[in-house]
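Notes for the structure review
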Amino acid sequence: MTFTCRVRLIGMLISISMAAQAQRSAVLEQYVQLGLGNNLALQQQDWQVRKAQASVQQAKALYYPSFQFEANYMRATGGRRIQFPVGDLVNPIFANLNLLNELVQPGSPDYPTDVPNVNEQFLPDDFHETKVRFSYPLFNTDLKYNRLIRQELYESQAAQKEAYAHELRYRITSAYLSYLQTIEAEKIWLNSRNVLAELRRFNESLVQHHVATREVIATADYELSKAESEIARLRGAQNTARAYFNYLLHRDLQSEVAIDTTLMQPAEAAYALEPLLAHALSERKEFSALQAGIRAAETDVRRHAANLHVPDFYLGGEIGFQGFGYRFDGEQAYALVRVGMVYDLFDGGLRRSRTQEARMETERLRTQLADAQQQVALQVTEGWNAWQAAQQAYAAAQAGVRAAEETYRIVNNKYRANQLLLIEWLDAQNRLTTAQLQRALAWYDVLQKEAALRRAAGL
(Lines give C-alpha, C1' and ligand atoms only; values in the text may rest on other atoms or scores of the structure.)
Protein backbone atom coordinates (compact mmCIF):
# COMPACT_ATOMS: atom_id res chain seq x y z
CA MET A 1 0.00 0.00 0.00
CA THR A 2 1.43 3.40 -0.99
CA PHE A 3 1.96 6.24 1.46
CA THR A 4 -0.90 8.24 -0.10
CA CYS A 5 -3.29 5.31 0.28
CA ARG A 6 -2.25 4.84 3.91
CA VAL A 7 -2.84 8.52 4.61
CA ARG A 8 -6.29 8.42 3.03
CA LEU A 9 -7.16 5.25 4.93
CA ILE A 10 -6.10 6.82 8.22
CA GLY A 11 -8.13 9.90 7.37
CA MET A 12 -11.19 7.81 6.64
CA LEU A 13 -10.85 5.93 9.91
CA ILE A 14 -10.51 9.18 11.83
CA SER A 15 -13.54 10.64 10.07
CA ILE A 16 -15.63 7.61 10.92
CA SER A 17 -14.59 7.65 14.57
CA MET A 18 -15.18 11.40 14.81
CA ALA A 19 -18.60 11.07 13.23
CA ALA A 20 -19.51 8.38 15.73
CA GLN A 21 -18.48 10.63 18.62
CA ALA A 22 -20.38 13.58 17.21
CA GLN A 23 -23.50 11.45 16.92
CA ARG A 24 -23.68 11.12 20.70
CA SER A 25 -25.56 14.43 20.54
CA ALA A 26 -28.48 13.83 18.21
CA VAL A 27 -30.03 17.13 19.29
CA LEU A 28 -26.98 19.12 18.25
CA GLU A 29 -26.78 17.31 14.91
CA GLN A 30 -30.43 18.20 14.21
CA TYR A 31 -29.66 21.83 14.94
CA VAL A 32 -26.62 21.71 12.66
CA GLN A 33 -28.71 20.34 9.81
CA LEU A 34 -31.37 22.99 10.46
CA GLY A 35 -28.72 25.70 10.36
CA LEU A 36 -27.21 24.36 7.14
CA GLY A 37 -30.64 24.43 5.54
CA ASN A 38 -31.73 27.86 6.79
CA ASN A 39 -28.56 29.95 6.87
CA LEU A 40 -28.84 32.87 4.45
CA ALA A 41 -25.11 33.20 3.84
CA LEU A 42 -24.91 29.52 2.88
CA GLN A 43 -27.88 30.01 0.55
CA GLN A 44 -25.95 32.82 -1.14
CA GLN A 45 -23.05 30.43 -1.56
CA ASP A 46 -25.43 27.93 -3.14
CA TRP A 47 -26.62 30.54 -5.64
CA GLN A 48 -23.01 31.29 -6.53
CA VAL A 49 -22.43 27.59 -7.21
CA ARG A 50 -25.52 27.42 -9.42
CA LYS A 51 -24.39 30.51 -11.26
CA ALA A 52 -20.96 28.95 -11.89
CA GLN A 53 -22.67 25.76 -13.08
CA ALA A 54 -24.80 27.77 -15.51
CA SER A 55 -21.64 29.42 -16.89
CA VAL A 56 -20.23 25.95 -17.61
CA GLN A 57 -23.37 25.08 -19.58
CA GLN A 58 -23.05 28.35 -21.49
CA ALA A 59 -19.44 27.54 -22.39
CA LYS A 60 -20.49 24.11 -23.67
CA ALA A 61 -23.31 25.62 -25.73
CA LEU A 62 -20.80 27.70 -27.71
CA TYR A 63 -19.48 24.49 -29.29
CA TYR A 64 -22.75 23.89 -31.17
CA PRO A 65 -23.89 25.64 -34.36
CA SER A 66 -26.27 28.54 -33.90
CA PHE A 67 -29.27 29.32 -36.11
CA GLN A 68 -31.19 32.59 -36.27
CA PHE A 69 -34.33 33.44 -38.18
CA GLU A 70 -34.51 37.05 -39.38
CA ALA A 71 -37.35 38.79 -41.17
CA ASN A 72 -37.62 42.51 -41.97
CA TYR A 73 -39.63 44.68 -44.31
CA MET A 74 -38.77 48.27 -45.22
CA ARG A 75 -40.75 51.27 -46.43
CA ALA A 76 -38.85 54.50 -47.12
CA THR A 77 -39.32 57.92 -48.66
CA GLY A 78 -37.02 60.89 -49.18
CA GLY A 79 -33.36 61.00 -48.48
CA ARG A 80 -30.52 60.67 -50.93
CA ARG A 81 -31.19 59.62 -54.53
CA ILE A 82 -29.13 57.83 -57.18
CA GLN A 83 -29.15 59.93 -60.41
CA PHE A 84 -27.61 58.80 -63.70
CA PRO A 85 -28.39 60.34 -67.12
CA VAL A 86 -28.90 57.12 -69.01
CA GLY A 87 -31.50 58.63 -71.37
CA ASP A 88 -29.41 61.65 -72.20
CA LEU A 89 -26.54 59.34 -73.12
CA VAL A 90 -28.22 56.61 -75.14
CA ASN A 91 -31.25 58.32 -76.75
CA PRO A 92 -29.12 60.35 -79.29
CA ILE A 93 -27.10 57.27 -80.08
CA PHE A 94 -30.22 55.17 -80.67
CA ALA A 95 -31.68 57.93 -82.92
CA ASN A 96 -28.57 57.91 -85.13
CA LEU A 97 -28.63 54.12 -85.27
CA ASN A 98 -32.25 54.23 -86.41
CA LEU A 99 -31.28 56.61 -89.29
CA LEU A 100 -28.46 54.31 -90.37
CA ASN A 101 -30.80 51.31 -90.29
CA GLU A 102 -33.24 53.14 -92.59
CA LEU A 103 -30.47 53.48 -95.15
CA VAL A 104 -28.84 50.10 -94.75
CA GLN A 105 -31.66 47.80 -93.63
CA PRO A 106 -35.02 49.36 -94.33
CA GLY A 107 -37.85 47.88 -92.23
CA SER A 108 -35.63 46.77 -89.32
CA PRO A 109 -37.01 47.52 -85.79
CA ASP A 110 -36.05 50.86 -84.34
CA TYR A 111 -34.09 51.38 -81.14
CA PRO A 112 -36.04 53.14 -78.38
CA THR A 113 -35.25 56.81 -78.16
CA ASP A 114 -37.28 57.55 -75.00
CA VAL A 115 -35.10 55.83 -72.37
CA PRO A 116 -35.60 57.81 -69.13
CA ASN A 117 -32.79 58.99 -66.93
CA VAL A 118 -32.20 57.01 -63.68
CA ASN A 119 -33.47 58.84 -60.58
CA GLU A 120 -33.83 56.18 -57.86
CA GLN A 121 -34.30 56.69 -54.17
CA PHE A 122 -31.20 55.51 -52.25
CA LEU A 123 -33.19 53.92 -49.39
CA PRO A 124 -34.97 50.76 -50.55
CA ASP A 125 -38.75 51.07 -50.52
CA ASP A 126 -41.12 48.09 -50.33
CA PHE A 127 -38.14 45.84 -49.73
CA HIS A 128 -38.00 42.69 -47.58
CA GLU A 129 -35.37 40.22 -46.43
CA THR A 130 -36.40 36.95 -44.82
CA LYS A 131 -33.65 34.46 -44.05
CA VAL A 132 -32.15 31.84 -41.74
CA ARG A 133 -28.56 32.41 -40.67
CA PHE A 134 -26.21 29.86 -39.20
CA SER A 135 -22.68 29.95 -37.79
CA TYR A 136 -20.43 27.19 -36.52
CA PRO A 137 -16.95 27.49 -34.98
CA LEU A 138 -14.86 24.86 -36.73
CA PHE A 139 -11.88 25.48 -34.46
CA ASN A 140 -11.58 28.12 -31.76
CA THR A 141 -8.99 27.93 -28.98
CA ASP A 142 -10.87 30.44 -26.83
CA LEU A 143 -13.96 28.23 -26.75
CA LYS A 144 -11.96 25.14 -25.83
CA TYR A 145 -10.04 26.68 -22.95
CA ASN A 146 -12.93 28.85 -21.80
CA ARG A 147 -14.99 25.73 -21.09
CA LEU A 148 -12.14 24.20 -19.10
CA ILE A 149 -11.61 27.40 -17.12
CA ARG A 150 -15.27 27.72 -16.23
CA GLN A 151 -15.37 24.09 -15.15
CA GLU A 152 -12.46 24.70 -12.77
CA LEU A 153 -14.07 27.87 -11.44
CA TYR A 154 -17.28 25.94 -10.81
CA GLU A 155 -15.36 23.33 -8.82
CA SER A 156 -13.63 26.11 -6.89
CA GLN A 157 -16.97 27.73 -6.04
CA ALA A 158 -18.44 24.40 -4.96
CA ALA A 159 -15.43 23.79 -2.70
CA GLN A 160 -15.83 27.27 -1.19
CA LYS A 161 -19.44 26.47 -0.38
CA GLU A 162 -18.44 23.22 1.36
CA ALA A 163 -15.75 25.10 3.29
CA TYR A 164 -18.31 27.65 4.47
CA ALA A 165 -20.72 24.88 5.46
CA HIS A 166 -17.91 23.28 7.49
CA GLU A 167 -17.22 26.60 9.22
CA LEU A 168 -20.94 27.11 9.86
CA ARG A 169 -21.15 23.66 11.47
CA TYR A 170 -18.39 24.69 13.87
CA ARG A 171 -20.03 28.02 14.69
CA ILE A 172 -23.37 26.34 15.45
CA THR A 173 -21.65 23.74 17.62
CA SER A 174 -19.67 26.38 19.49
CA ALA A 175 -22.74 28.57 20.04
CA TYR A 176 -24.75 25.59 21.33
CA LEU A 177 -21.99 24.64 23.76
CA SER A 178 -21.74 28.24 24.98
CA TYR A 179 -25.48 28.24 25.65
CA LEU A 180 -25.29 24.94 27.56
CA GLN A 181 -22.37 26.34 29.53
CA THR A 182 -24.53 29.20 30.84
CA ILE A 183 -27.30 26.70 31.67
CA GLU A 184 -24.91 24.53 33.67
CA ALA A 185 -23.44 27.52 35.50
CA GLU A 186 -26.93 28.68 36.41
CA LYS A 187 -27.76 25.23 37.80
CA ILE A 188 -24.70 25.37 40.03
CA TRP A 189 -25.59 28.80 41.36
CA LEU A 190 -29.21 27.78 41.89
CA ASN A 191 -28.01 24.84 43.92
CA SER A 192 -25.70 27.17 45.86
CA ARG A 193 -28.63 29.50 46.49
CA ASN A 194 -30.69 26.60 47.85
CA VAL A 195 -27.83 25.67 50.17
CA LEU A 196 -27.54 29.26 51.35
CA ALA A 197 -31.29 29.43 51.91
CA GLU A 198 -31.06 26.30 54.02
CA LEU A 199 -28.18 27.91 55.92
CA ARG A 200 -30.33 30.96 56.61
CA ARG A 201 -33.11 28.79 58.02
CA PHE A 202 -30.55 26.97 60.18
CA ASN A 203 -29.14 30.28 61.41
CA GLU A 204 -32.61 31.52 62.24
CA SER A 205 -33.06 28.42 64.37
CA LEU A 206 -29.77 29.16 66.13
CA VAL A 207 -30.87 32.74 66.87
CA GLN A 208 -34.27 31.60 68.13
CA HIS A 209 -32.56 29.22 70.53
CA HIS A 210 -30.12 31.97 71.58
CA VAL A 211 -27.17 29.98 70.28
CA ALA A 212 -26.09 32.72 67.87
CA THR A 213 -26.77 36.40 67.31
CA ARG A 214 -28.61 37.99 64.36
CA GLU A 215 -25.50 38.87 62.36
CA VAL A 216 -25.41 35.27 61.12
CA ILE A 217 -28.78 35.85 59.46
CA ALA A 218 -27.55 39.11 57.91
CA THR A 219 -24.45 37.35 56.62
CA ALA A 220 -26.57 34.61 55.06
CA ASP A 221 -28.81 37.26 53.46
CA TYR A 222 -25.74 38.96 51.98
CA GLU A 223 -24.48 35.70 50.53
CA LEU A 224 -27.95 35.00 49.11
CA SER A 225 -28.00 38.41 47.40
CA LYS A 226 -24.61 37.66 45.83
CA ALA A 227 -25.98 34.35 44.52
CA GLU A 228 -29.10 36.07 43.13
CA SER A 229 -26.92 38.66 41.39
CA GLU A 230 -24.79 35.96 39.80
CA ILE A 231 -27.90 34.06 38.68
CA ALA A 232 -29.31 37.23 37.10
CA ARG A 233 -26.02 37.85 35.27
CA LEU A 234 -25.96 34.27 33.97
CA ARG A 235 -29.54 34.50 32.75
CA GLY A 236 -28.64 37.62 30.77
CA ALA A 237 -25.68 35.80 29.24
CA GLN A 238 -27.95 32.82 28.61
CA ASN A 239 -30.44 34.97 26.68
CA THR A 240 -27.63 36.45 24.60
CA ALA A 241 -26.18 33.02 23.83
CA ARG A 242 -29.63 31.70 22.86
CA ALA A 243 -30.25 34.69 20.58
CA TYR A 244 -26.93 34.19 18.78
CA PHE A 245 -27.56 30.47 18.39
CA ASN A 246 -31.02 31.13 16.91
CA TYR A 247 -29.49 33.75 14.63
CA LEU A 248 -27.19 31.11 13.17
CA LEU A 249 -30.22 28.88 12.58
CA HIS A 250 -32.12 31.81 10.99
CA ARG A 251 -35.14 31.59 13.23
CA ASP A 252 -36.78 33.75 15.92
CA LEU A 253 -34.11 34.90 18.36
CA GLN A 254 -36.29 34.01 21.34
CA SER A 255 -37.02 30.45 20.21
CA GLU A 256 -36.52 27.79 22.84
CA VAL A 257 -33.41 25.64 22.56
CA ALA A 258 -33.50 21.97 23.52
CA ILE A 259 -30.87 20.97 26.07
CA ASP A 260 -28.91 17.76 25.46
CA THR A 261 -27.67 16.58 28.84
CA THR A 262 -25.69 13.73 27.26
CA LEU A 263 -22.97 16.24 26.38
CA MET A 264 -22.21 16.57 30.10
CA GLN A 265 -21.26 12.90 30.20
CA PRO A 266 -17.50 12.69 29.55
CA ALA A 267 -16.66 10.34 26.69
CA GLU A 268 -13.33 8.92 25.68
CA ALA A 269 -11.86 10.56 22.58
CA ALA A 270 -8.48 9.89 21.03
CA TYR A 271 -6.81 12.19 18.51
CA ALA A 272 -3.34 11.71 17.08
CA LEU A 273 -1.59 14.76 15.67
CA GLU A 274 0.04 13.26 12.56
CA PRO A 275 -3.13 11.66 11.11
CA LEU A 276 -5.02 14.88 11.82
CA LEU A 277 -2.42 16.89 9.91
CA ALA A 278 -2.54 14.45 6.99
CA HIS A 279 -6.33 14.57 6.91
CA ALA A 280 -6.41 18.37 7.05
CA LEU A 281 -3.89 18.81 4.22
CA SER A 282 -5.75 16.36 1.99
CA GLU A 283 -9.39 17.08 2.82
CA ARG A 284 -9.78 20.76 3.71
CA LYS A 285 -12.06 22.29 1.09
CA GLU A 286 -10.14 25.55 1.12
CA PHE A 287 -7.28 23.67 -0.54
CA SER A 288 -9.64 22.20 -3.12
CA ALA A 289 -10.86 25.69 -3.99
CA LEU A 290 -7.32 27.02 -4.36
CA GLN A 291 -6.19 24.01 -6.38
CA ALA A 292 -9.12 24.47 -8.76
CA GLY A 293 -8.18 28.14 -9.08
CA ILE A 294 -4.59 27.16 -9.92
CA ARG A 295 -5.80 24.76 -12.61
CA ALA A 296 -7.99 27.52 -14.06
CA ALA A 297 -5.04 29.92 -14.14
CA GLU A 298 -2.83 27.30 -15.80
CA THR A 299 -5.51 26.72 -18.42
CA ASP A 300 -5.68 30.46 -19.01
CA VAL A 301 -1.92 30.43 -19.68
CA ARG A 302 -2.39 27.70 -22.29
CA ARG A 303 -5.27 29.63 -23.86
CA HIS A 304 -3.25 32.81 -24.36
CA ALA A 305 -0.24 30.83 -25.58
CA ALA A 306 -2.42 29.03 -28.15
CA ASN A 307 -3.78 32.34 -29.42
CA LEU A 308 -0.24 33.35 -30.33
CA HIS A 309 0.18 30.51 -32.84
CA VAL A 310 -3.20 29.03 -33.84
CA PRO A 311 -5.81 30.84 -35.95
CA ASP A 312 -9.55 30.42 -35.54
CA PHE A 313 -11.71 28.83 -38.27
CA TYR A 314 -15.42 29.24 -38.71
CA LEU A 315 -18.24 28.26 -41.05
CA GLY A 316 -21.30 30.38 -41.70
CA GLY A 317 -24.04 31.10 -44.16
CA GLU A 318 -27.63 32.07 -44.76
CA ILE A 319 -30.58 31.10 -46.93
CA GLY A 320 -33.77 33.01 -47.62
CA PHE A 321 -35.57 35.54 -49.81
CA GLN A 322 -34.62 39.09 -50.66
CA GLY A 323 -36.18 41.66 -53.00
CA PHE A 324 -38.81 44.34 -53.62
CA GLY A 325 -42.37 43.41 -52.81
CA TYR A 326 -43.19 40.92 -50.09
CA ARG A 327 -42.94 37.84 -52.28
CA PHE A 328 -41.39 34.39 -51.94
CA ASP A 329 -40.49 33.11 -55.39
CA GLY A 330 -37.51 31.88 -57.32
CA GLU A 331 -36.39 35.36 -58.28
CA GLN A 332 -36.00 36.43 -54.64
CA ALA A 333 -34.56 33.18 -53.28
CA TYR A 334 -30.84 33.12 -52.46
CA ALA A 335 -28.26 31.10 -50.49
CA LEU A 336 -24.84 32.03 -49.13
CA VAL A 337 -22.08 29.92 -47.54
CA ARG A 338 -18.76 31.20 -46.22
CA VAL A 339 -15.70 29.68 -44.60
CA GLY A 340 -13.35 31.97 -42.76
CA MET A 341 -10.16 32.20 -40.77
CA VAL A 342 -9.15 34.83 -38.21
CA TYR A 343 -5.60 35.40 -37.01
CA ASP A 344 -4.14 38.48 -35.39
CA LEU A 345 -0.96 39.42 -37.22
CA PHE A 346 -0.04 42.22 -34.85
CA ASP A 347 -1.55 43.34 -31.55
CA GLY A 348 1.21 45.38 -29.97
CA GLY A 349 2.26 42.54 -27.64
CA LEU A 350 -1.21 42.27 -26.09
CA ARG A 351 -1.40 38.45 -26.24
CA ARG A 352 2.10 37.99 -24.83
CA SER A 353 1.29 40.39 -22.01
CA ARG A 354 -1.90 38.47 -21.20
CA THR A 355 0.04 35.20 -21.18
CA GLN A 356 2.55 36.65 -18.73
CA GLU A 357 -0.27 38.00 -16.59
CA ALA A 358 -1.88 34.56 -16.43
CA ARG A 359 1.47 33.01 -15.42
CA MET A 360 1.85 35.52 -12.59
CA GLU A 361 -1.68 34.75 -11.38
CA THR A 362 -0.80 31.05 -11.34
CA GLU A 363 2.29 31.69 -9.24
CA ARG A 364 0.32 33.92 -6.89
CA LEU A 365 -2.26 31.19 -6.29
CA ARG A 366 0.46 28.59 -5.73
CA THR A 367 2.06 30.84 -3.12
CA GLN A 368 -1.34 31.37 -1.51
CA LEU A 369 -1.89 27.60 -1.39
CA ALA A 370 1.50 27.01 0.25
CA ASP A 371 0.75 29.71 2.82
CA ALA A 372 -2.71 28.25 3.49
CA GLN A 373 -1.20 24.81 4.03
CA GLN A 374 1.21 26.21 6.60
CA GLN A 375 -1.60 28.09 8.35
CA VAL A 376 -3.80 24.99 8.50
CA ALA A 377 -0.92 22.88 9.83
CA LEU A 378 -0.42 25.51 12.54
CA GLN A 379 -4.17 25.54 13.30
CA VAL A 380 -4.26 21.76 13.70
CA THR A 381 -1.16 21.76 15.90
CA GLU A 382 -2.49 24.57 18.09
CA GLY A 383 -5.92 22.94 18.25
CA TRP A 384 -4.48 19.59 19.27
CA ASN A 385 -2.29 21.15 21.97
CA ALA A 386 -5.23 23.20 23.26
CA TRP A 387 -7.45 20.10 23.35
CA GLN A 388 -4.85 18.15 25.31
CA ALA A 389 -4.42 21.05 27.75
CA ALA A 390 -8.19 21.29 28.17
CA GLN A 391 -8.40 17.58 28.97
CA GLN A 392 -5.70 17.92 31.61
CA ALA A 393 -7.44 20.97 33.09
CA TYR A 394 -10.71 19.03 33.26
CA ALA A 395 -9.01 16.14 35.08
CA ALA A 396 -7.58 18.63 37.57
CA ALA A 397 -11.00 20.28 37.99
CA GLN A 398 -12.59 16.89 38.73
CA ALA A 399 -10.02 16.26 41.45
CA GLY A 400 -10.68 19.74 42.81
CA VAL A 401 -14.44 19.07 43.03
CA ARG A 402 -13.88 15.81 44.91
CA ALA A 403 -11.60 17.56 47.38
CA ALA A 404 -14.00 20.53 47.79
CA GLU A 405 -16.97 18.18 48.34
CA GLU A 406 -15.12 16.27 51.04
CA THR A 407 -14.02 19.50 52.73
CA TYR A 408 -17.54 20.91 52.61
CA ARG A 409 -19.02 17.72 54.08
CA ILE A 410 -16.66 17.86 57.06
CA VAL A 411 -17.05 21.61 57.58
CA ASN A 412 -20.84 21.46 57.30
CA ASN A 413 -21.06 18.73 59.94
CA LYS A 414 -18.79 20.68 62.28
CA TYR A 415 -20.73 23.91 61.77
CA ARG A 416 -24.02 22.22 62.57
CA ALA A 417 -22.37 20.84 65.65
CA ASN A 418 -21.38 24.43 66.54
CA GLN A 419 -17.69 23.58 66.27
CA LEU A 420 -16.77 26.08 63.49
CA LEU A 421 -17.39 29.71 62.73
CA LEU A 422 -19.80 30.80 60.00
CA ILE A 423 -16.96 32.33 57.98
CA GLU A 424 -15.31 28.93 57.77
CA TRP A 425 -18.53 27.36 56.51
CA LEU A 426 -18.94 30.12 53.91
CA ASP A 427 -15.37 29.63 52.76
CA ALA A 428 -15.94 25.91 52.28
CA GLN A 429 -19.22 26.58 50.44
CA ASN A 430 -17.59 29.12 48.13
CA ARG A 431 -14.75 26.73 47.44
CA LEU A 432 -17.25 24.00 46.49
CA THR A 433 -19.26 26.32 44.24
CA THR A 434 -16.08 27.58 42.57
CA ALA A 435 -14.81 24.04 42.05
CA GLN A 436 -18.10 22.93 40.50
CA LEU A 437 -18.10 25.94 38.19
CA GLN A 438 -14.52 25.29 37.19
CA ARG A 439 -15.31 21.67 36.42
CA ALA A 440 -18.32 22.65 34.26
CA LEU A 441 -16.30 25.32 32.49
CA ALA A 442 -13.40 22.90 32.04
CA TRP A 443 -15.62 20.22 30.46
CA TYR A 444 -17.28 22.65 28.08
CA ASP A 445 -13.83 23.97 27.26
CA VAL A 446 -12.86 20.40 26.30
CA LEU A 447 -15.89 20.23 24.01
CA GLN A 448 -15.12 23.65 22.52
CA LYS A 449 -11.48 22.71 21.90
CA GLU A 450 -12.58 19.41 20.36
CA ALA A 451 -14.95 21.29 18.01
CA ALA A 452 -12.15 23.70 17.06
CA LEU A 453 -9.78 20.78 16.44
CA ARG A 454 -12.34 19.08 14.19
CA ARG A 455 -12.78 22.30 12.25
CA ALA A 456 -9.03 22.71 11.76
CA ALA A 457 -8.62 19.08 10.68
CA GLY A 458 -11.52 19.30 8.22
CA LEU A 459 -13.58 16.61 9.99
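Residues numbered from 1 in each chain as written. Predicted model: local features only at pLDDT ≥ 70, side-chain atom pairs only at ≥ 80, totals over all residues. Heavy atoms only, no water.

Observations concerning the overall build of the protein chain
- The helix and strand inventory of the protein chain stands at 10 helices and six strands.
- Relative to a compact globule of 459 residues, whose C-alpha radius of gyration would be 23 Å, the protein chain shows 44 Å and is clearly more extended.
- Overall, the C-alpha framework of the protein chain stretches about 165 × 55 × 35 Å when taken along its three principal axes.
- In the protein chain, once contacts between residues fewer than 6 apart in sequence are set aside, the share between residues at least 24 apart is 84%.
- Just so you have it, the protein chain exposes about 27,000 Å², and 56% of that area is on carbon and sulfur atoms.
- Here the protein chain contributes 49 positively and 51 negatively charged side chains, and the mean placements of these two sets differ by 7 Å. (Helix = DSSP H or I, 4+ residues; strand = E, 2+ residues; numbered from the N terminus. Rg over C-alpha atoms; globule rule 2.2 N^0.38 Å. Contact = heavy atoms within 4.5 Å. Areas by Shrake-Rupley, 256 points an atom, 1.4 Å probe, with all protein chains shown as cover. Lys, Arg positive; Asp, Glu negative; His and termini not counted. Charge placed at Lys NZ, Arg CZ, Asp CG, Glu CD.)

Quick word on helix α7 (residues 273-283)
- Inspection of α7 places L273, L276, L277, H279 and A280 among the buried residues, and these make up the whole buried set. The buried residues of α7 occupy an angular sector of 165° when the element is viewed end-on, so they sit on one face. (Buried < 20%, exposed > 50% of the residue type's maximum accessible area, 1.4 Å probe, protein only. Arc of directions from axis to C-beta.)

Some details on the packing of aromatic side chains
- According to the stated counting rule, one finds 11 aromatic pairs in the structure shown.
- Taken together, the aromatic side chains of Y73, F321, Y326 and F328 make up a single cluster linked through ring pairs.
- One cation-aromatic arrangement involves R455 over Y170; the distance from NZ or CZ to the ring centre is 4.0 Å. (Phe/Tyr/Trp six-rings, centres within 6.5 Å; stacked < 30°, edge-to-face > 60°. Lys NZ or Arg CZ within 6 Å of the ring centre and 35° of its normal.)

Things to note about the environment of Q332
- Within the element layout of this structure, Q332 appears in the loop between β5 (312-324) and β6 (333-342).
- A relative accessible area of 3% means that Q332 is categorised as buried.
- Sequence spacing of Q332 and V49 is 283 residues, and the spatial spacing of their C-alpha atoms is 50 Å.
- Ignoring any residue separated from it by four or fewer positions in sequence, one finds Q332 in contact with H128, G320, F321, Q322, G323, F324, G325 and R327.

Considerations on the side chain of T299
- In this fold, T299 is placed in helix α8 (residues 285-309).
- From its side chain, T299 meets the backbone oxygen of R295 in a polar contact 2.8 Å long.
- Among all residues touching T299, those that are not within four sequence positions of it are Y145, L148 and I149. (Polar contact = N/O pair within 3.5 Å; in protein donor to acceptor, adjacent residues only side chain to side chain.)

A closer look at the confidence of the model for the protein chain
- Considering every residue of the protein chain, the mean pLDDT works out to 81; 91% of them sit at 70 or more.
- Ranking the helices and strands of the protein chain by mean pLDDT puts strand β1 (residues 66-74) first, with 91, and helix α1 (residues 3-22) last, with 41. (pLDDT = per-residue confidence, 0-100.)

Points about the packing of helix α2 (residues 26-38) against helix α6 (residues 215-249)
- Remark: α2 packs on α6, axes separated minimally by 7 Å, with the N-to-C direction vectors making an angle of 55°. With respect to α6, the axis of α2 lies oblique. Here Y31, L34, G35 and N38 of α2 come into contact with α6, specifically with F245, L248 and L249.
- Across the contact of α2 with α6, the residue classes break down as five nonpolar, two polar and no charged. (Axes fitted to C-alpha atoms, helices over the stretch in contact; angles between N-to-C directions. Parallel < 35°, antiparallel > 145°, perpendicular 65-115°, else oblique. Nonpolar A, V, L, I, M, F, W, Y, C, P; charged D, E, K, R; others polar.)

Regarding the sheet that holds β6
- With antiparallel pairing, four strands are arranged side by side in an open sheet as β1-β4-β5-β6. One side of each edge strand has no neighbouring strand; the edge strands of this open sheet are β1 and β6. For this sheet the average axis-to-axis angle between neighbouring strands, irrespective of direction, equals 15°.
- Strand direction decides the pairing type here: strand β4 (residues 127-139) and β5, joined by 12 bridges, are antiparallel. Across the sheet, V132 pairs through a bridge with I319, a residue of β5. (Pairing = 2+ DSSP bridges.)

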